[in-house]
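# Architecture at a glance
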Amino acid sequence: MDLILQGVSGAIAKLAAFDPDVLDAAVASIVVSGSATALAVATGVPLGALVGLTRFRGRRLLLSLVNTGMGLPPVVVGLFVVVFLWRSGALGDLDWYCTRQGMVIAQYFLAAPTVVGLTAIALQSADPLLRMQLLSLGANRWQAAWLLIRESRLLVLGAVIAGFGAVISEVGASQMVGCNVKGDTRILTTAITLETSKGEFGSAFALAFILLGIIFVLTAVTTFAQQGRNARST
Amino acid sequence: MLEARELVAYRGERAVAHAARIDLAEGEHLALLGPNGAGKSSLVLGLAALVRTDGELRYRGEPVRDVDAYRRRVAVVFQRPLLLDRSVRENAALGLALRGVSRRERDARAETELSRLGVGQLADRSAIGLSGGEAQRVSIARALAIDPEILFLDEPFSALDAPTRETLIADLAHVLRERGVTTVMVTHDRDEALSLADRIGVVIDGELRQLDTAEAVFGMPTDPEIAAFVGVENVIPAHVERATDELTHLRIADQRIEVTEPPPKGDDFPLLCIRPDDIVIAREAASTSARNSFPARIVRLEPIGRRTRLVLDCGFPLIAHVTRQSAREMELAEDDRVVASFKATVPHLLPRIRH
């Protein structure tokens, strides 16, 4: 109990003093996970729409791969990305090992399956007659898909936030690919691991509070958006 | 305007509806009538090129090859309004927005159609939260705003309560006749079909069985299932005794019946079809021009809406409808003896289906 109280009071002191190490880790987390999620959304939402709205050969296989991807262990992703980015690896020339770019790639592979899978589910659960209605109003396939995504925007937003939530809280892949370089690739989760291993519970709690704060804000955004829609529909 | 030949409509990989021939003239209102699950919606979606079809579909004499271009000349209103989560005006203008019409023009056209359908005052409201009737009016306004050459209506009133439905049907009938829009409507309601259609097609078990004027479909159904669906409750096996130029003489049980319609070619055992409304009930035999009169016993009396359904035994079973007021005034009761009459011009003869 003393340790917890000690840690919490240390955390408050560090947060009140705007501890630069803590802030660096928070900014790095948001930049890396935000970039990875943005990439995942840019590629995952269209792919999710394709899987959710159309029928093509290999669709089931693709869905199985996406579902498998949603449960990928971060350390396995980290391993593969490190192998590719290793100096003698296939992408070694990029020199992205132990950089934020490398971490973005690793987190992209963790976020994208979630975004694809949940977007596909969101669009599959949309009323099939609505797509037919849009086509009958003169929409082409792409216009119909875009309107359906907009109509399912809360579920798609949920998919995006789930993707972001998955990567902002992972540690294994970021640790392996980013090497936890202070002031650069050290993010909230890797910093918490390090500070805890050193017994610096004040710093660890401060970092944990920020991480929890980010997750709380994400959850609040979806909840308010959902409640706002419900209020308008009643 | 629209021609279909041997059109087969699919849902997924399954063929669910077939029409050997449909010809739709410009300005015509056609109703596809049939029981639930008969395949009439699939058929209309096939005509609108919204589901996969086989066979031939020609629009203004040309085969429909560019499906997107064809769809932009027609509009469909579904059973549910299927409005998007945006304002009523934006919903009504959606088809125009998809055609690249400027915001000012599309808003003006959308508002005109909303006002025509009696929901102009709702233009600024969110479409989410409208009542069923209001939402369906917006859906119809959205379809009319694009000025379609053919309007397909897929049971647009079936989810509405009776008073809302009746008002909307009357308003829509007025708008359609005023604008002269060619219309194909799906319904399982005979009154709806009669309110809006010039011709009626009856779809049963995935097949367009009969396509004709309302008078022909309701008066001369081409098979017993159509007869039953259009309200011809009396479909009675009969035997042709002889046929002259003026009358066909039939026998049913011990009763002799005369009809003006000639017997079906080569069939001495046709089915006699009579609508219950065409049978006159009296307490005693009277001298009238009706050539067919039978003493009958009332087996059962069943109130149906404003009418009373009589199940009669005339030596063969016969169903008749009278108004509830008539039933009251004549003090009709079960086991009463009455006289059932109908004119020789009333019955329709169908060939008997032999298995």
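## Considering the overall build of chain B
- Looking only at helices and strands, chain B has 11 helices and 21 strands in total.
- If you line up chain B on its principal axes, its C-alpha atoms span 75 × 45 × 35 Å.
- Here chain B holds 355 residues, and the buried ones make up 43% of them.
- For chain B, restricting intrachain contacts to residue pairs at least 6 apart in sequence, the fraction spanning at least 24 positions comes to 66%.

## Comments concerning the overall build of chain A
- Along the backbone of chain A there are 11 helices and zero strands.
- Listing the helices and strands of chain A from first to last along the sequence gives α-α-α-α-α-α-α-α-α-α-α.
- In terms of principal-axis extent, the alpha carbons of chain A reach across some 65 × 55 × 25 Å.
- For chain A, the residues scored as buried account for 42% of the 234 residues in total.

## Notes on the confidence of the model for chain B
Residues and elements named next belong to chain B.
- Across chain B, the average pLDDT comes to 90, with 99% of residues at or above 70.
- When mean pLDDT is taken per element in chain B, helix α3 (residues 88-92) scores highest with 95 and helix α8 (residues 190-196) scores lowest with 81.
- Prediction confidence for the complex, expressed as pTM and ipTM, is 0.77 and 0.77 respectively.

## Remarks on helix α5 (residues 103-116) of chain B
- Its 14 residues give α5(B) an end-to-end C-alpha distance of 20 Å, which sits within 8% of 20 Å, the value for a rise of 1.5 Å per residue.
- Among the residues trailing α5(B), B:Gly118 stands out with phi positive, at a value near 80 degrees.

## Structural notes on unusual backbone geometry
- In the Ramachandran plot, A:Cys179 falls in the positive-phi region, its phi being about 65 degrees despite a non-glycine side chain.
- By the C-beta count within 10 Å, which is 17 here, A:Cys179 ends up partly exposed.
- With a phi close to 50 degrees, B:Glu331 is a non-glycine residue in the positive phi region.
- Looking at the element boundaries, B:Glu331 is found in the loop between α11 (324-329) and β20 (337-342).
- The exposure class of B:Glu331 is exposed, given the 8 C-beta atoms found within 10 Å.

## Points about the sheet that holds β20(B)
Residue and element names in this part refer to chain B.
- Taken together, five strands build an open sheet; the order of strands is β16-β20-β17-β18-β19 and the sheet is antiparallel. The sheet is open, and its two edges are formed by β16 (280-282) and β19 (317-323), each paired on a single side. The mean inter-strand angle of the sheet, taken between neighbouring strand axes irrespective of direction, is 45 degrees.
- Across six bridges, strand β17 (residues 292-304) lies against β20 in antiparallel orientation. Directly across from Ser-293, in β20, lies its bridge partner Ser-341.

## Comments concerning the interface of chain A and chain B
- Of the residues lining the interface, 17 residues belong to chain A; the matching set on chain B comes to 20 residues.
- Every element with two or more residues in the side of chain A that touches chain B is listed here: α6 (128-136), α7 (141-151) and α11 (201-233) of chain A.
- Here the element with the most residues in the side of chain A that touches chain B is α6(A); it accounts for six residues.
- Within the side of chain A that touches chain B, the residues separate by chemical class into seven nonpolar, seven polar and three charged.

## Describing the domain arrangement of chain B
Residue and element names in this part refer to chain B.
- If you check the domain split of chain B, you get domain 1 (2-228) and domain 2 (232-350).
- The straight-line distance from the C-alpha centre of domain 1 to that of domain 2 is 38 Å.
- Taken residue by residue, the interface counts seven residues in domain 1 and six residues in domain 2.
- Top element by residues in the side of domain 1 that touches domain 2 is helix α10 (residues 224-229). It accounts for three residues.
- Class assignment of the residues belonging to the side of domain 1 that touches domain 2 gives a composition of five nonpolar, one polar and one charged.

## A short note on the nonpolar core
- Core analysis: the biggest nonpolar cluster contains 165 residues, and A:Ala111, A:Val115, A:Leu207, B:Val138, B:Ala141, B:Phe152 and B:Ala340 have the highest contact counts within it.
- Here this core takes 15 residues from helix α5 (residues 100-124) of chain A, the largest share from any one element.
- Shared between two domains, this core takes at least three residues from each, and those domains are domain 1 (2-228) and domain 2 (232-350) of chain B.

## Notes on the pairing of strand β3 (residues 29-33) of chain B
All names here are of chain B.
- The element β3 is largely enclosed, with a buried count of five among its five residues.
- Across five bridges, β3 lies against strand β8 (residues 182-187) in parallel orientation. Counted as the bridge partner of Leu-30 is Val-184 from β8.
- Examined bridge by bridge, β3 and strand β9 (residues 199-204) share four bridges and lie parallel to one another.

## Structural notes on the sheet that holds strand β11 (residues 234-237) of chain B
Residues and elements named next belong to chain B.
- Read across the open sheet, the three strands follow the order β11-β15-β21; overall the sheet is antiparallel. Each edge of the open sheet carries a strand with a single partner, namely β11 and β21 (348-350). When the angles between neighbouring strand axes are averaged without regard to direction, this sheet yields 30 degrees.
- Bridge count for strand β15 (residues 271-274) against β21 is three bridges, and the pairing is antiparallel. Bridge assignment links Cys-273 to a residue of β21, and that residue is His-348.

## A few points about the packing of helix α4 (residues 74-85) of chain A against α5(A)
All names here are of chain A.
- At a minimum axis distance of 9 Å, the contact between α4 and α5 shows a crossing angle of 135 degrees. With respect to α5, the axis of α4 lies oblique. For the element pair α4 and α5, the recorded crossing hand is right-handed. Contacts between α4 and α5 involve Pro-74, Val-77, Gly-78, Val-81 and Leu-85 on the former and, on the latter, Gly-102, Ile-105, Ala-106, Phe-109 and Leu-110.
- Within the contact of α4 with α5, the residues separate by chemical class into eight nonpolar, two polar and no charged.

## Digging into the pairing of strand β10 (residues 207-213) of chain B
Residue and element names in this part refer to chain B.
- In terms of strand pairing, β9 meets β10 through six bridges, oriented antiparallel. Bridge pairing in β10 links Ile-200 to Asp-212.
- Where β9 folds back onto β10 in an antiparallel hairpin, the turn is made up of two residues, including Asp-205, whose phi is positive at roughly 50 degrees.

Conventions we followed
Residues numbered from 1 in each chain as written. Chains lettered and ligands numbered in written order. Predicted model: local features only at pLDDT ≥ 70, side-chain atom pairs only at ≥ 80, totals over all residues. Helix = DSSP H or I, 4+ residues; strand = E, 2+ residues; numbered from the N terminus. Buried ≥ 20, exposed ≤ 12 C-beta atoms within 10 Å, placed from the backbone. Contact = placed C-beta atoms within 7 Å. pLDDT = per-residue confidence, 0-100. Expected span 1.5 Å × (residues − 1). Pairing = 2+ DSSP bridges. Axes fitted to C-alpha atoms, helices over the stretch in contact; angles between N-to-C directions. Nonpolar A, V, L, I, M, F, W, Y, C, P; charged D, E, K, R; others polar. Domains from an automatic or database assignment. Core = buried A, V, L, I, M, F, W, Y, C linked by C-beta atoms within 7 Å. Parallel < 35°, antiparallel > 145°, perpendicular 65-115°, else oblique. Left-handed = near helix turned anticlockwise from the far one by under 90°.

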